[in-house]
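Close look at the chain arrangement
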Amino acid sequence: MRFAPSPTGMFHVGNARSALFNWVLARQSGGTIVLRIEDTDAARNRPEWVQGILDAMEWLGIGPSEYEGPLFQSDYTQHHREAIDRLIAAGRAYYCDCTRDQVNARTGSEYLGYDGFCRSRGQTVGEGRALRFRTPDEGSTVIVDLVRGKPTVDNVLIEDFVIARGDGSPVFLLANVVDDMVMGITHVIRAEEHLPNAPKQQLLWEALGAEPPVWVHAPILVNEKRQKLSKRRDRVALEDFRAEGYLAEAMRNYLMLLGWAPSGDREILPWDDIVTEFRLEDV
Ligand code: GLU
C-alpha cells in the first residue's frame, strides 16, 4: 500500500484519514505501507510541508517505523520518462498541439472532450504540445473498488487524456501510476476525489503491461452542511486541531468513524479495537 501526499500545504484531515485507513489495513493484512511524497509540482512544493507531513503522521501514531520511505516522486523521473517512451513506441501515446478553442470549434461543444484530431499526425515533443494517451475505442474499464463496488466506464467515453507536457515531463495521472508500478503497490487507498482518475489510470496500468491494483476510494469528508470540506471555509488542517489541544487518540478515533462505525452504540473505543474491528466492506 502507499500513502502519497503532495507537500503543498498543511496536513488536511482528509489526508489523515487516508493515512489511517492505509495503516489499519496494512496491520490487518500484514501489508507494508510506502510513504511517497509527490513533490513534482515544483511551483507549489515546499520542504517545510514535507516535514509537516512527517510530523503530522508521527503525531497520529504513524511514525517512521510504520512505513517504508519517505520516497520522493522526484527521484523517479527516469522511470516516468521510460514509461512515456514505451507508450509512444507502442503507439499508445501521441503529441498534440490543438488548443481548447480549436477542439471546441471542431466538436461544436465545450463539453465533449478531445476529438482525437492529432492521433495520426505524427508530431514529436515540442513547446506548446501535450502528450495524449490514446484510449481504446471499444470495450469498457471495470474498476474493482472495495468501497465503491465495480464502477464501469465505456472506454469510448474516456477522452485521449494528457499524460505529459510539451517538455516531456509527466503529469500527475502518469507519474502516480508509474510510481505505484515501480513500488509494487497492490492496493491504492485514497480519497474519493480521485475516483474519476481511476479508469484512466487503470488504462495506463494495462497499457504498460502490469496488473492493475485493487482500488479503495474512501468517501469524501463533509462539514455540518454536508458540503465537501474546503480549505477556505472549513477547518481542515490537522496541525490546527493539534494546536488547539485535541489529543491524537481523539482525532484518530473520530476520523476512523467517518464513513465507518463499529457495532453497537460505541463512539469512543480503544485504538486496538478499531484496528481489529474495522472492515472496509462496511465503509
Ligand atoms: N498526491 C495525490 C494527492 O495528494 C495522491 C493521490 C493518490 O493517492 O493517488 O491527492
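Presented here is an overview of the structure given in this document. Note that the coordinates shown come from a computational prediction; the quantities given were computed from them, not determined experimentally. (Residues numbered from 1 in each chain as written. Predicted model: local features only at pLDDT ≥ 70, side-chain atom pairs only at ≥ 80, totals over all residues. Heavy atoms only, no water.)

Concerning unusual backbone geometry
The omega angle of the peptide bond from G69 to P70 is 10°, so this bond is cis rather than trans. We note that R226 has phi near 65°; this positive angle belongs to a residue other than glycine. Tracing the backbone shows R226 in the loop between β10 (214-218) and α7 (238-243). The class of R226 is exposed, set by a relative accessible area of 68%. (Helix = DSSP H or I, 4+ residues; strand = E, 2+ residues; numbered from the N terminus. Buried < 20%, exposed > 50% of the residue type's maximum accessible area, 1.4 Å probe, protein only.)

Some words on the pattern of salt bridges
The final tally for this structure, using the stated rule, is 18 salt bridges. For E66, the salt bridge is made with R27, and the minimal N-O distance between the two is 3.3 Å. Placement of E66 in the loop between α2 (47-60) and β3 (68-72) and of R27 in helix α1 (residues 13-29) is noted, with a sequence separation of 39 residues between them. In this structure E66 comes out as partly exposed when scored by relative accessible area, which is 27%. Of the residues examined, R27 reaches a relative accessible area of 41% and is grouped as partly exposed. D137 serves as the salt-bridge partner of R134, at 3.7 Å between the closest nitrogen and oxygen. Each of R2, R36, E38, D179 and D180 takes part in one network of salt bridges that share partners. (Salt bridge = Lys/Arg side-chain N within 4 Å of Asp/Glu carboxyl O.)

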